[in-house]
Amino acid sequence: MTEAPPRLTSLAHGGGCGCKLAPSVLQQLLAEQAQSNPFRQLLVGTETGDDAAVWQMDDTTCVLATTDFFMPMVDDPYDFGRIAATNALSDIYAMGGRPIMALAILGMPLDKLPTHTVREILKGGRDICATAGIPVAGGHSIDTPEPIYGLAVIGTCRPADIRRNSEARPGDALILTKGLGVGIYSAAIKRQALPRGGYEEMIASTTLLNRIGADLAADASVHAITDVTGFGLIGHALEMARGSGCALVIRDQDVPVFAQAASLAEQGFVTGASRRNWASYGDAVRLSNGMPEWRRHLLTDPQTSGGLLIACDNADALAETIVARGYPSARVIGRVERGRPVVTIEE
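Residues numbered from 1 in each chain as written. Predicted model: local features only at pLDDT ≥ 70, side-chain atom pairs only at ≥ 80, totals over all residues. Heavy atoms only, no water.

1. Looking at the packing of helix H7 (residues 232-244) against helix H9 (residues 272-281)
Test applied: To get an axis, a line is fitted to the C-alpha atoms, and for a helix only the part in contact is used. The angle between two axes follows their N-to-C directions and goes from 0 to 180 degrees. Comment: elements are numbered from the N terminus, with helices defined as DSSP H or I runs of at least four residues and strands as E runs of at least two. Take the far helix as the reference: if the near one is turned anticlockwise from it by less than a right angle, the crossing is left-handed, and if turned clockwise, right-handed. Only heavy atoms enter the contact rule, under which two residues are in contact if any of them lie within 4.5 Å.
As a packed pair, H7 and H9 sit with axes 9 Å apart at the nearest point and diverge in direction by 35°. Here H7 runs over H9; the crossing is left-handed. Here Gly232, Ile234, Gly235 and Leu238 of H7 lie close against H9, whose contacting residues are Asn277, Trp278 and Tyr281.

Pasting the structure below:
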């Protein structure tokens, strides 16, 4: 008899964007990086922790570049490939761009996984890129102790359509386009405890391309965009607050979450990344009185291929448009205020 291959998640110490270094660790690693930019054409670099680098080619065209890869948070190799590719493409959409091609990043423990499993991972990524209308034009692979997959993605946009995470304005409303709970569901998957229907819900969200970002960038009422990934909703909201020099207020009860995320969080299905996130930035967050720890975990839960966080005018009409365009969980969840850059969670 042929021995069944191991579960993908059993080969990884973490999964999805929960593998990201904690925000506090990343700040230490980048502390000695030069803040001044000697390259006039580099419009967006590392200064505000934005989603992609932006290089202006001429008066009409900017090139966007990003890379994203991680270890599996699901056991199905095809789904792993699709999620990883959707997540990587999101960085381009979050900047207001459209992807034009991708390169695969692959690390596999070839002594533990059969080649057909690896082919399925690559196929999943390629199929998502085909949905986005771009090729996987090459890549690089190595033999690694844990499975790793992702993409480097190149995109383009007009200079006027760049949407940074650092241009939110007092008076703006905040829209979130996808529900939270990916990390919580992933923790349940790892322990084989995700209730019926949860997997399908998670896959539908994590393989939904954030291409609405490129359309929103052409709307002058949209001032700032970022995608919500490994640092959780609060972490990426705090990046927006700090970059913009404003305070962000999030209404806890308006935040969309996966159908079973709250009950799973109450049962303790949370990730180590959620705890690391809170330890990294909790001193810059004001929680509503009496918020239980499990509820806080929803807001610090690491999202893999999460939604877009948008600061804009005319939010109610815009949210309706986003829902109509295929993002049923999109909600207005808060506002931008004058004040020092903190995130306040209110009921």
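2. As for the sheet that holds strand E9 (residues 247-251)
To keep it simple, the criterion reads: Following DSSP output, two strands are said to pair if at least two bridges run between them.
If you walk across this open sheet you meet the 7 strands as E8-E11-E7-E12-E9-E13-E10, and the pairing is mixed. For this open sheet the edge positions go to strand E8 (222-227) and strand E10 (285-286), each flanked by a neighbour on one side alone. Of the pairings in the sheet, the one linking E9 to strand E13 (residues 343-346) comprises 4 bridges and is parallel in character. Bridge pairing in E13 links Arg251 to Glu346.

3. Re the sheet that holds strand E5 (residues 136-143)
Spatially, the 6 strands line up as an open sheet ordered E1-E2-E3-E6-E4-E5, and their pairing is mixed. The sheet is open, and its two edges are formed by strand E1 (42-44) and E5, each paired on a single side. The mean inter-strand angle of the sheet, taken between neighbouring strand axes irrespective of direction, is 20°. Examined bridge by bridge, E1 and strand E2 (residues 53-56) share 2 bridges and lie antiparallel to one another. Looking at E2, one finds that Leu42 is bridged to Trp55. Where helix H2 (residues 77-94) meets the sheet, it contacts strand E3 (62-70), strand E4 (98-108) and strand E6 (148-157), and its direction lies at approximately 150° from that of E3.

Keep in mind these numbers describe shape, not what the thing actually does.
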